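What follows is the residue order along each chain.
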Amino acid sequence: MIDLVLVVAGLVLIVIGVFYDFIGAIGLLRLPNFYTRLHAATAGAIGGAVVPMIGAALVALGAEYLGPPRFFLAGAAFTSSILLMILAQAGSHALARAAYISGEAQREPILYDALREEGGG
Amino acid sequence: MDVEALVSLVLTVLIPLYVTSFLLYAVRVVKGPTIPDRVLAIDSLGYDLAAFMVVLSILVRSPLMVVSGLTLALWIYALDIYIAKYLEAREMGG
């Protein structure tokens, strides 16, 4: 019984992850400039990559038919989901900071630039 | 409906969705006006490819691809840091 619960929970997480992935992709296409796309990219990265990995780990734990190697799969999936949760944010933040300081990304559709007011730009 | 058929059915239904989002990311990689846009798109593409490898390794019943998924995620993070370092200080460190 517990296996079925694990598998169903994992599959639900994977479906949610694919949905996030799709929304992130559409957001990345439609948003006007780099700084708004950051939101879509990190939502696509966390919701679209970390959540399905946790779901895949749950499915791997619950699926008896996979046999003993499924525990390697579950362990590696959990590890990479936790790592990804940390790394995706740090990488996007570093990229955003570099894009802002180097002025590489265009800031046109902008209402208020707090960083420039404080002289950090 | 036993577990195996359920898992295989759901995962095979998800694969085209994954592939379409990869293509959408690829469109942003090609179209992205500036370098950070392209790197951001490669970011999400790489992370979701890693997740796709993990999900696919359940479908093909072998845990080999998960290790490369983890490595891909780490390399995509390294790409981010290198590009950020280059954009800021015009040097890649090392």
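For the structure, check the block above.
Note that the coordinates shown come from a computational prediction; the quantities given were computed from them, not determined experimentally.

A. How the structure looks around the overall build of chain A. Looking only at helices and strands, one finds four helices and zero strands in chain A. Against the compact-globule benchmark of 14 Å for 121 residues, chain A has a radius of gyration of 19 Å, which places it well outside the compact range. A principal-axis box enclosing the C-alpha atoms of chain A has dimensions of 60 × 25 × 20 Å. Of the contacts formed within chain A by residues at least 6 apart in sequence, a portion of 68% connects residues at least 24 apart. Summed over its atoms, the accessible surface of chain A is roughly 5700 Å², and 72% of this surface lies on carbon and sulfur atoms. Measuring between centres, the 6 positive side-chain charges of chain A sit 5 Å from its 8 negative side-chain charges.

B. Representation of unusual backbone geometry within the structure. Residue and element names in this part refer to chain B. One non-glycine residue, Arg61, adopts positive backbone phi at about 60°. Here Arg61 is to be found in the loop between α2 (35–59) and α3 (64–89). Residue class for Arg61 comes out partly exposed when judged on its relative accessible area of 38%.

C. Representation of the interface of chain B and chain A. Each side of the interface is counted separately: chain B has 47 residues, and chain A has 51 residues. Here chain B and chain A share two salt bridges between them. For Glu88(B), the salt bridge is made with Arg97(A), and the minimal N-O distance between the two is 2.6 Å. On the surface where chain B and chain A come into contact, there are six residue pairs in polar contact (both at pLDDT 80 or more). For the side of chain B that touches chain A, the secondary structure elements donating two or more residues are α1 (3–31), α2 and α3 of chain B. Counting residues per element, the side of chain B that touches chain A draws most heavily on α2(B), which supplies 16 residues.

About the thresholds
Residues numbered from 1 in each chain as written. Chains lettered and ligands numbered in written order. Predicted model: local features only at pLDDT ≥ 70, side-chain atom pairs only at ≥ 80, totals over all residues. Heavy atoms only, no water. Helix = DSSP H or I, 4+ residues; strand = E, 2+ residues; numbered from the N terminus. Rg over C-alpha atoms; globule rule 2.2 N^0.38 Å. Contact = heavy atoms within 4.5 Å. Areas by Shrake-Rupley, 256 points an atom, 1.4 Å probe, with all protein chains shown as cover. Lys, Arg positive; Asp, Glu negative; His and termini not counted. Charge placed at Lys NZ, Arg CZ, Asp CG, Glu CD. Buried < 20%, exposed > 50% of the residue type's maximum accessible area, 1.4 Å probe, protein only. Salt bridge = Lys/Arg side-chain N within 4 Å of Asp/Glu carboxyl O. Polar contact = N/O pair within 3.5 Å; in protein donor to acceptor, adjacent residues only side chain to side chain.

Interpretation note: all reported values are geometric properties and have no functional meaning in isolation.
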